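Below are the chains, spelled out letter by letter.
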Amino acid sequence: MARIALDHVEKIYGGGVKALDDLNLEVREGEFMVLVGPSGCGKSTALRSIAGLEEITGGTISIGERVVNDLPPKDRDIAMVFQNYALYPHMTVADNLAFGLKLRHTPKTEIKRRVGEAAAMLGLEPYLGRKPAALSGGQRQRVAMGRAIVREPAAFLMDEPLSNLDAKLRVSMRAALNQLHERLGTTTVYVTHDQVEAMTLGDRVCVLRDGKLQQADTPQELFDAP
Ligand code: ADP
Ligand code: ADP
């Protein structure tokens, strides 16, 4: 678990678009922070910058005690979940879950423990031997989340992870995410267009506008606002 802080962060893309404009944002240790705002306001850029997938052009980003500006994604101790699950089609669910740990040379017994725990938390135990093509959309998204969980990172970064699911599945996945967060307490930044997701998942909801922080409130404060 770690705090994430963006201080005076600027991102100007090659073409000259200023996607983040002196953005200041703090995600507290263990907090589930939802980033919302109109299309083009900089949500994805902010998330990708925290992950190290975009190089920022100004300011600092810290994860825990470390300034991570110069660290590659793999050294930032974060795990990302995207809307397209990016599972390996030729591998079983168990191998998909284990893959990132194998890459990092995690000991076999440790991989087994973590994969077992993640599968139990996500209700994936019956599907460990299946390949992604034989899973429903919701099950695939659970595998994608499982791959993030087994890494036991300091933070989760999620970019609209439920947006490809139908309405009914989104409801059950919201409940699953709430449970996971209660259980793991991992610092999370979650980008969404969906107001219901923002209100039901967020400890705090941050509204971006033109690459700046416009508002940061608890769902209750947002709900009570006139
Ligand atoms: P959001 O996720 O809120 O929709 P983005 O972070 O994707 O916003 O985009 C913020 C701004 O940066 C937009 O004006 C978008 O067109 C621009 N942008 C995003 N990615 C790139 C890129 N790779 N190159 C140039 N401009 C980009
Ligand atoms: P979303 O905002 O839902 O992630 P987009 O369609 O805005 O999806 O962006 C898809 C991809 O294109 C992203 O990787 C984003 O960084 C990139 N992108 C967005 N806007 C631009 C742009 N103006 N120029 C170049 N790339 C862009």
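Use the structure listed above.
To start, this report covers the structure provided alongside it. (Residues numbered from 1 in each chain as written. Chains lettered and ligands numbered in written order. Predicted model: local features only at pLDDT ≥ 70, side-chain atom pairs only at ≥ 80, totals over all residues. Heavy atoms only, no water.)

1. Considering the packing of helix H2 (residues 93-103) against helix H4 (residues 137-149)
Contact pair H2 / H4: the axes reach a minimum separation of 8 Å and the direction vectors enclose 30°. Here H4 runs roughly parallel to H2, going by the angle between their axes. Taken as a pair, H2 and H4 cross one another with a handedness that is right-handed. Across from Val 93, Asn 96 and Leu 97 in H2, the residues of H4 making contact are Val 143, Gly 146 and Arg 147. Looking at the contact of H2 with H4, its residues break down into 3 nonpolar, 2 polar and 1 charged. (Axes fitted to C-alpha atoms, helices over the stretch in contact; angles between N-to-C directions. Helix = DSSP H or I, 4+ residues; strand = E, 2+ residues; numbered from the N terminus. Parallel < 35°, antiparallel > 145°, perpendicular 65-115°, else oblique. Left-handed = near helix turned anticlockwise from the far one by under 90°. Contact = heavy atoms within 4.5 Å. Nonpolar A, V, L, I, M, F, W, Y, C, P; charged D, E, K, R; others polar.)

2. Let's talk about the pairing of strand E2 (residues 18-27)
Here strand E1 (residues 4-12) runs beside E2; their pairing, made up of 6 bridges, is antiparallel. Pairing of Leu 6 across the sheet is with Leu 25, part of E2. From the end of E1 to the start of E2, which pair antiparallel, there are 5 residues, and Gly 16 there has a positive phi angle of about 105°. (Pairing = 2+ DSSP bridges.)

3. A few points about the pairing of E1
Pairing analysis gives 5 bridges linking E1 to strand E4 (residues 58-63), with the strands arranged antiparallel. Across the sheet, Asp 7 pairs through a bridge with Thr 60, a residue of E4.

4. Description of the sheet that holds E1
Ordered by their spatial adjacency, 4 strands build an open sheet running E2-E1-E4-E5, and the pairing between neighbours is antiparallel. Taken across any chain shown, the strands that pair with only one partner, and hence form the sheet edges, are E2 and strand E5 (66-67). Across the face of the sheet, helix H1 (residues 43-51) comes into contact with E1, E2 and E4 while running at roughly 65° to E2.

5. Looking at the site of ligand 1
The environment of ligand 1 is made up of Tyr 13, Val 17, Ala 19, Pro 38, Ser 39, Gly 40, Cys 41, Gly 42, Lys 43, Ser 44 and Thr 45. Contacts to ligand 1 include Tyr 13, whose side-chain N or O atom sits 3.4 Å from a nitrogen atom. Side-chain polar atom of Thr 45 to an oxygen atom of ligand 1: 2.5 Å apart, as the coordinates give it. Protein chains shield 60% of the accessible area of ligand 1, which is 560 Å² for the free molecule. No other element matches H1, which puts 3 residues into the shell around ligand 1. (Near = heavy atom within 4 Å. Polar contact = N/O pair within 3.5 Å; in protein donor to acceptor, adjacent residues only side chain to side chain. Areas by Shrake-Rupley, 256 points an atom, 1.4 Å probe, with all protein chains shown as cover.)

6. A short note on unusual backbone geometry
For Asp 77, which is not a glycine, the phi torsion comes out positive at approximately 60°. The residue Glu 160 is not glycine, and still its phi comes out positive at about 45°. Tracing the backbone shows Glu 160 in the loop between strand E7 (155-159) and helix H5 (167-184).

7. A short note on the sheet that holds strand E6 (residues 78-81)
Taken in spatial order, the 6 strands make up an open sheet running E6-E7-E8-E3-E9-E10, and their pairing is mixed. Two strands in the sheet have a free side with no partner beyond their single neighbour: E6 and strand E10 (212-217). In this sheet, neighbouring strand axes are inclined to one another by 20° on average, regardless of whether the strands run parallel or antiparallel. Pairing of strand E3 (residues 32-36) with strand E8 (residues 187-191) involves 4 bridges; the strand directions are parallel. Opposite Leu 35, over in E8, you have Val 191 as the bridge partner.

8. Observations concerning the nonpolar core
Membership of the largest hydrophobic core comes to 38 residues, with the highest contact counts inside it found for Val 34, Val 143, Ile 149, Leu 162, Leu 177 and Tyr 190. Top element by residues in this core is helix H3 (residues 108-122). It accounts for 6 residues. With sequence-adjacent residues up to four places away left out, Leu 177 is seen in contact with Met 145, Met 158, Leu 162, Tyr 190 and Leu 201. (Core = buried A, V, L, I, M, F, W, Y, C linked by side-chain atoms within 4.5 Å. Buried < 20%, exposed > 50% of the residue type's maximum accessible area, 1.4 Å probe, protein only.)

9. Considerations on the side chain of Ser 49
Structurally, Ser 49 can be placed in helix H1. Only 2.7 Å separates the side chain of Ser 49 from the backbone oxygen of Thr 45, close enough to count as a polar contact.

10. Examining the environment of Ala 155
Within the secondary structure, Ala 155 sits in strand E7. Sequence-wise, Ala 155 and Ile 50 are 105 residues apart; in three dimensions their C-alpha atoms are separated by 10 Å. Other than its neighbours up to four places away in sequence, Ala 155 contacts Ile 4, Asp 77, Ile 78, Ala 79, Thr 186 and Thr 187.

11. Considering the packing of H2 against H3
At a minimum axis separation of 10 Å, H2 and H3 run at an interaxial angle of 135°. In terms of orientation, H2 and H3 fall into the oblique class. The crossing of H2 and H3 is right-handed. Residue-level inspection shows Ala 94, Leu 97, Ala 98, Leu 101 and Lys 102 of H2 in contact with H3, the latter providing Ile 111, Arg 114 and Val 115. Grouping the amino acids of the contact of H2 with H3 by side-chain chemistry returns 6 nonpolar, no polar and 2 charged.

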